[in-house]
Amino acid sequence: MMPELSTLVNVVFVVLFAPLLDGIERKVKARLQTRQGPPVLQSWYDLIKLLKRPSVEPSGSFGWLFRLAPAVALSSVLLASTFVPSLLARSMGFWGDLIAFVYLLALASLFLALGGFASCNPYAQIGSHREISLLMAEEFSLAFIVAGLAVSAGGLAFSAMFPLPLKASSVVGVLAFAVMVYVSGARVPFDVAEAEPEIVEGPLIEFSGRSLGLMKLTAYVRRLLLFTVLLNFVIPFGGVLRSSVYVAALLVLSAVYAAFEAYFGRFRTADAVRFLKRFAAAGFVCWLLAVLGW
Amino acid sequence: MGRSTLEGRFRVIDVSPDEVAEVVRELFEDGCYYATGMGVDERPLNGRFAVYHAINCPKRGVYVILRLTAPENRPSVPSITPVLRGAEWAEREAHDMVGVTFENHPNLERLILPEDWPDGVYPLRKDFPYNRKMAGTEGTAGVRGERHDEATMSVPLGPYHPLLHEPEYFELYVREDRIVGADYRGFHVHRGMEKLAESRMTLNQIPFLAERICGICGCTHSAAYCQAVEEAAGVEVPERALYIRSLMLEVERIHSHLLWFGVACHLLGFDSGFMHFWRAREYVMDIAELITGNRKTYGINLVGGVRRDLSGEKIQKTLKLLELAEGESREVIDNVVGMKELIARMEGVGVLRRKDAREIGVVGPVARASGIDTDVRRDHPYAAYGDLDFKVPVYRGCDVLSRFLVRVDETFESFSLVRQILENLPDGEIINEEYSLPYMEFGLGSTEAPRGEDVHMVLTGGENQVYRWHPRAPTYNNLPAVPLMLEGEDVADAPIIIASIDPCFSCTDHVSIVDAGSGRVLWRGPLLEGVERLRR
Amino acid sequence: METRVEDYRKLVKRSLWVFHLNSGSCNGCDIEILNVFAPRNDVERLGIKLVGSPRHADAIALTGPVTRECLPKVVDAIKAVPEPKIVLAIGACACGGGIWYDTYSVVGGVKELYRIMKEEYGMEAPPTVFIPGCPPKPEAIIYGVAVAKGMIEPKQRRMVYVEEGGGDELARMLEEVNGLRHFSAGFKVRRDVNGT
Amino acid sequence: MWLSFSLFILILFSLLGLAALLGLSRRTSWLPALLSAVASLMILIAGVEGSGSWRAGAPVGTSILASLSSISLGVDGLSAFFLIILGLIGLCSSIYSLSSFKHGATTYRAAYPLFILSMFLVLIVRSLLWFVIFWELMTLFSQFLIANGREGSRGAALRYFCTTKGAADFMLLSVVVIIWKLSGSPAYSAISSVLPAYMSSHRLTFVLISAGMLTGLGIKATLVPFHFWVPDAYTSAPGEAAALMSGAMEKLPVYMMFRYLLTFSPLSAPLGLAVAVAGTLTLFFGTMFALRQTDSKRLLAYHSVGQMGYIVMALGAGLYLLSRGYTLLGSLALMASLFHSLNHATFKSLLFLTASSVYRRTGLRNLNRLGGLWKVMPLTAVSALIGSLAIAGVPPLNGFVSKWMIYVSTMPSSTVVSLFGALALFISSVTAASFVKYFTTVFVRPPAGELNVSGEVPPWMTVPQWILAALCVFLGVYPYLPLRAISRALGVVGVKAPALSSFPGVVVPRGLGNVAPLTFFVFMVVLTSILLLLVRPVMRLPGWTTGTRVLRETAMRLPAGSYYASFEEDFGEVYGFGAAIRRLGLWIVRCVGGVARAAERCSADMNGMLIGAFVGLLIFVVVLGRGVP
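Residues numbered from 1 in each chain as written. Chains lettered and ligands numbered in written order. Predicted model: local features only at pLDDT ≥ 70, side-chain atom pairs only at ≥ 80, totals over all residues. Heavy atoms only, no water.

## Regarding a nonpolar patch on the surface
All names here are of chain A.
Consideration 1: On the surface, a cluster of nonpolar side chains totalling about 480 Å² of accessible area is made up of Met2, Leu5, Leu8, Val12 and Leu16.
Consideration 2: With respect to the element layout, Leu8 can be found in helix α1 (residues 3–32).
Consideration 3: In this structure Leu8 comes out as exposed when scored by relative accessible area, which is 54%. (Patch = residues over 30% accessible without salt bridge, like charges linked within 9 Å, V, L, I, M, F, W, Y side chains within 5 Å. Areas by Shrake-Rupley, 256 points an atom, 1.4 Å probe, with all protein chains shown as cover. Salt bridge = Lys/Arg side-chain N within 4 Å of Asp/Glu carboxyl O. Helix = DSSP H or I, 4+ residues; strand = E, 2+ residues; numbered from the N terminus. Buried < 20%, exposed > 50% of the residue type's maximum accessible area, 1.4 Å probe, protein only.)

Given below as C-alpha cells:
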C-alpha cells in the first residue's frame, strides 16, 4: 500500500480506536469496583455528545489562546499519529522520529496548560502549573530512557528503533518506557493536574462542549499513541499478523493499565515528581547497559 | 416498666450579670468546656430576654446551664467570651437572631443572616412571623482576597466545589503550593428551622424536623431532641424504646462512617475504595430500611419512645445483613490500610495538637484522634448505653490518619453494639404517650453523633408546642480547628483535611458560624463593597 | 419548547453528565445521589456521570429548598451550565420547598427559584424533572434521570379537562397552564390540572 | 559583492561614527538609531553574501608594536555566519531604538553604535592581536550600555567589568600573546598552520593555553560557573542593549571557540569532553535557576546562560565525537551548535525586546505583579508567545530544529555525550515550563493590582519584534537556508558538513533521525485552523469559581513565585549545588582577576576605572610586546 494511504488508515484508526480503548478501560475499572460499568462505546457516546454541544468561553478569558489550545493540542497528537506506525506498518515515517514524537506529546500538554492559564480560572491555573511540573519530571525520566534506547538502537529514527534489537538494554528500556506510558497517560496516581475532587479537573474546568471534546480526544489519542510506540518497540514482524497482534496487544495493555489504575490513590504533585526523579535511575541503567553494548 | 435515663443530667443556675464571669472561670478551671448557648425572647412571660449557656462538665457527668436575663428595653448582658473563647459564636448567634447585646464581646459582628438582611430585624424574636420574607436577594460572600498579597493566591473552595456536596465556602490562601491561611464562610444552609419549630410545629412533629437537620446523622438529632423534651417533662421512656433508639443510632453511625471512608478514598483519588465502601454500606442502608421503612431520615423517634417495633424475623434478617456488612467492611478496610501510598497521604497531615484541640473544644472522633478521651455515650449515658459494653478508641497521632483509625475502631465497636442490642432487646412497650407537658420547663438532651457531641436545648411551651428549641451539631465545635489543620499543608491535602472532621454543614448551618484563620471576621465592609461592585 | 426537549433527549440519550447543585439541602438527597453511582445502582452503566464543573454538565441535579444565602450562587451555577440543559429537582425540598417552604430564609423550591430567575435575572427556566421524596430512593432518582434521557416516558402527564362553556374559568385555567409550561415541558408536571 | 571591502568598511565606520557623534546630542535621538540600523543592514547583507574574496590590510608585522600599525581584515564563511547574526540582531534592536533612544543617557547613545562597530571589527579581523584589542573595545562599550544611569546599574556594570575585563580579557590577552609567541605571528592563517602541530606534541602547553583561552572566552560566553555577572548586567541594560548583548555579543566567544578549537588546536577528545561538560553544566544550572526567577529580565538572562550551554555543549560534543571517529554525528553536532547560535540570537533578542516593551509600558519587571497584558498589548503578546514557544523548542519553530539536531547528534552515540543529550532533552522541558511561566505571568493571568498601561508600544518597537518572530518561524520551517550558510562556515574550519536536506524533511542518514518541519507546519496550521472553525464558542459566561462570586479577581492568580513549587522543592539539591558552583566561579574569578580586584578596591568611580584599565592594557601590551621576537 502507498504510505499516504496507509497513513490515512492509521490516523483514522487512531481517532476511532482511542475512545474505544478508554471505554474498555472504564469497563475494566468498573468490573474491579464490582460494578457493571458503562458500555465499551461509552467514551465514544460522551465524545459525540460533547462534539454536538456548543462551547462556552469564560468572560475573563484570553479568547484566542483559550480557543487555540484544544485545536493545537489535538493537531499535535494527530500529527504524531501520522508518522507512528499503528494499525499498518507503513506511515509517513520520514516526517518525524522519536524526538519529534516526544516533543509533539509535550506540545499537547503545553497547550493544555496554556489553555488552562488562558481561562484565568484559579483551579485551571493550579492544574496547569501542576501539569507542567509533572511534564518536567516525566521528561527527566524519559530523557534517559530515550538516550538508552537511542544508543541501543543506534539511532532515533523509527526505522532504527522499530523493533529494538534484542539486548538487555532494550529490555530494561522497554520496561521503563512502559512505566512512562502509564505516567504520561495521566493515570491515577499521576493525574494530579486533573484531580477532580481537588481542583475540579484543573485546566479543563472552563472547557465545555466541543473544545472539551477535543481535549478529551487529545487525551485518548495520546494514550493510544504511547501504547503504540511501546508496542512498535517490541513487535518484530509485519503484515496482517502485525496488525492483529498489535490490536490484541493494545486491548490487553489497556486492560492491564486500567486494572493498575483501579488500585491506586492519587499522589501529591511533590510525591509524583519525587517518584519520577527516582525513576530516572531505571533510565540510567538502560543507558549504561546500552553504552556497555549489552 | 420504664425509666428516665437522663436524671441529673443538667443543672440550671440563674446567675447575676456581675458573677457570671467568675462562675464561668471557675467551671473552666474545673475542666469543663463550653457546649452551646442560646438566646431566648422571654418577653411574653416576664418582659425580659434570656441567655442560656450550656457548659459541659464531663468529669461530673453534668451540664451546667447558666441563665442570664436582661430587661426588654436594654437587652444587654455581659459577654463571657473574654473568659471562655468557645462562647464567641454562640453569643454572636444570640445577638444576630434574638438581638441581645453582649458587653465586652470582642467581635459582635453579624453571624448567621445574609449580608443584605436588614439591621434590627431579629428572626427569633416572638414578634417576627416565621414566614416573613425580606427584600433583597443579592449575593453575599465572595472571593475577597482579604489577606492576599502579590505572592499568595486565593483559592475559593465552594460553595459548589466537588469536594463537599454541600454549599460551604472556604477561602484558602496559597503560597508556593502551601496553605498559609484559610477563611470560612458558612450559613448557606440556614433554613430558619428553630423559628419554624416554635411557630408552626407541634411537639411531636419536631423530631421529624430535627431529622432533617442532617440527612446523614438525622436520627441522632431527633433522639437528642426527644431526650431534651423527655427530660423537661419527666417522661418515662420504655426500655425497649431506648434499645431501639440506640440500635438506630448505631446503625446510623456505621452508615455514616462507611460513607466517610468512601468519600475519603474518593478525595484521595482512590475511587475503587469509594465504590467498595459504599457497596458495604448498602447493607447498612438495607438494615435501616428494614427496621424503619426508610433508608435514612428514619422517623423512628418520638417523645416518649419510638414509632416502630422490631419483630423476631426482622432481627434475624438484620443480623444476617449485619454480618455481610461487617465482613465486607473489614475486607475493604484491611485492603485500604494495606495501601502504603494511601496511608502516606493521611499520615502527619492536618495535625491538630492536643493543646489546641482542648482549647477549641473539638468533639467526637476529631478529639479522640488528638488524644482526648471523650464520648457522650460513656460520660453522660443515655438511651441504652448505660447497659451496653463498648470501648472508646483514642489515638494520639493528631493527624488525618488517626481520625481515620478512630472511625475504623468505632465502626467495629458499633457492629458489636448493634449485636448486643439485638441480643439483649428487652420486651415491653415501645412508647409512653402518657405524659403531660409542663410550661416553660428547660430540658437538655445530648447524644454522641457519628461526628461528636450533639446538644439540644428545649424550653417547653405547653399547648403541645415548644417555646424555644436550640440544637447544636458537633461540626460547630470542630470547624474552628480546620484552619489550624490546614496551615502549612500542601494544597493538594486541603480536601482530605477538611473532610477529616467529617464536616456536616447542614447540621451546623441552622445556626452557623464564621471563622477566619486570623481570628478576625471580615465580612461586612469589603463584602458590601463587593455587592456594590457586582451591581454596577 | 417541545422540539427542544426532544432534541435534548436525543443528545443525552447515551451520555448524560450531571452537575450536583446543593441549594441548602440536608444531605439526605445528596448522599442518595452519590449512592446511585455506587456499585449497587451504578448509573455509569447508563452513561451518567457526575462532573465537578458546570461547564461539562448537561443537567443539574438540584437538591434543597434554595436558601436565601444560596440563591444568587444557585442562579450563577445554573447560568454556568451551557444550553441546552435540564434541571433534575431531587427531593421534596427542591420540588416544592419541603417542610420549610415558607420560612424567612428559604426561597422554597425550584418553582419559586424560577420565578425569581425570571423576574430578577431575566433568565428562562430550564425544563425540569421532579423527583420527589425525602430523600428519594435511588430507584426514584434513576427513574427521573431515565425520564430526562428519554429512555422511558413519564407516567404522569399534564391533562386539562374542560367543561363545555367554561368561559372565564377556561381562560384562567389556560393561563395557569401556560404559566406552567416552561418547567413542565411535556416531561411531567407536579400536579395535574383537573378542571371541573 | 558590488562594494569593495575597504569601501564597505569605510561606509560602516562613517555611519556608526556619525551615529555615535549624533548620539551625544539630545535632540535627534532617532538619527543614531537609524544610522545604526542602516549599518546593521549592511552587515547583514555582507554576512549573507559571505564573500570569501574580501581581504584587506597589510601583512602582519613581526613585533606587537609593528603589528599594531598594520591590520588584516577579511570575511570568510565562519565570520560571515556570525555577521548574519550580528546584522540581524543589530538591525532589529536599532529599529527598536528608534523610539526608545530618547530615554537613554548620552553615553549610552554614543556607545551603542560603537558597540556594534566593535563587534563587527571583532568578526572581521584576521589577527588574534587585533581580535583582542577590538574585544577590549567591545567590552568597554558594552559597559556603557549597562551603566546607563538606572538604579543599580552601576553595581551591575562594575561586576560585569571586574569579571569580564579583570578575569576574562586579561587572561585572553596573555594567552593570545603566548600563542603569538609560539606561532610567530598573530595572523589566523599563521597560527592555524603552526599551532596544531606544536600543541599536539606539547601536551602541557596545550592544556594551559586551552584552559586559559576557554576560561577567557567562557566568561564572556556566560559558562557556568562564570555566569554570575549575567543577570545583573542584563537587568540593568535597556531591552535593546540586552538583546544585542545576549543575541550577538554572547555569540562572539562561540565564534572564537570554533576558530580556536577547530583550527588553532589539534582535535582532542578530552578537550571536547571538557567543553561539552562545561556546556552541560551551563545548560543545566542556567535553566534550572531560570525556572525560579520572578523578574522578567533575570529570567531571560538565566535562560541566556542556559541556551549558551546548549550551543557550547553541542560544540564540545561535536569535537569529542569527531575526535572519537564519529564523523557524521560530530559534524552534525557542530552544525547544531552554529544553528542554535543563530536561533538563540533570534528568539532571545525577541524575548528581551518584549520584556523591554512591557517594562516601558508598565515600569514593572516583577512577574508577581504583572499580568493580563495580552488585552492591552496584543502585538507584543503574540510575538512573545512565538518567541516563548521557539525557545521552548516547540515543533516546528526554529528552537526545535536546532535542539533536535543536538539530540540526534549526541544521543545515539554510545559515549558519555549521549547522557548530555538526555540532560539537554530534560532541560528543554524545563525551558518550556519556564516560558509558560514568563508568558502567562506577563500576558495572561490577571495582574496583582491595577496596571496603569496606556496601550501597545509604538510601531517602531513592534516591528522588530515581529521581524524576529517571523524569523523564528521561518528558520524552523525552512532550515535549508541557514544550514547552507552553516555548511559553508564549517567548511572554513575544515569540517565537511553532512548533506541533510531531503525535502521536505531533514533526514540524518543511517536511521539516526529525521524530521520534516515544513510538513509539521503545514499540517498544524491547516488542522488547527479547521478545528478552530469547528470550536468557535457561541457564548461567553462568567468564569466558574466553584460558585463563589469574585469580588477581587486579582486575588485568584497564581503568583509567579508559586509556579512549579513542588517541582523546585523536589529538585532542591540542584539549587544548593548550583549555588556552590556559583561561589566557586566567583572565587576563581577573584583569584584570576587580582589586578581587577585591586582596581575594584581603589575606585568606585567608573571613569577612573576605565582609564586605569586602558592604561593597564597599554602597559601590558607594550611590556609583553618587547619580549616577542
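## Notes on the state of the cysteines
Consideration 1: A full pass over the atoms with the stated rule returns one disulfide over all chains.
Consideration 2: The disulfide that involves Cys32 of chain B links it to Cys57 of chain B, with 2.5 Å between the sulfurs. The disulfide joining Cys32 of chain B to Cys57 of chain B has a torsion of about 105° about its S-S bond and is therefore right-handed. A residue pair is termed long-range when its members are at least 10 positions apart, and Cys32 of chain B in the loop between α1 (20–29) and β2 (33–42) and Cys57 of chain B in strand β3 (residues 48–57) qualify at 25 residues.
Consideration 3: For Cys32 of chain B, a relative accessible area of 4% translates into the label buried.
Consideration 4: The structure places no disulfide on Cys95 of chain C, whose sulfur is separated from the nearest cysteine sulfur, that of Cys29 of chain C, by 8.7 Å. (Disulfide = S-S within 2.5 Å.)

## Digging into the sheet that holds strand β5 (residues 128–131) of chain C
Residue and element names in this part refer to chain C.
Consideration 1: Pairing within the open sheet is parallel, and its five strands lie in the order β2-β1-β3-β4-β5. Two strands in the sheet have a free side with no partner beyond their single neighbour: β2 (48–51) and β5. Neighbour to neighbour, the strand axes of the sheet diverge by 25° on average, direction disregarded.
Consideration 2: When strand β4 (residues 86–90) meets β5, the two strands line up parallel, connected through four bridges. (Pairing = 2+ DSSP bridges. Axes fitted to C-alpha atoms, helices over the stretch in contact; angles between N-to-C directions.)

## With respect to the sheet that holds β3 of chain B
All names here are of chain B.
Consideration 1: Pairing is mixed across the open sheet formed by four strands, whose spatial order is β1-β4-β3-β2. The open sheet is flanked by β1 (10–14) and β2, the only strands paired with a single partner. Taken pair by pair, the neighbouring strands of this sheet meet at an average axis angle of 20°, ignoring direction.
Consideration 2: Where β2 lies against β3, nine bridges are found, and the strand directions are antiparallel. Residue Tyr34 lies in a different strand from β3, and its bridge partner there is Ile55.

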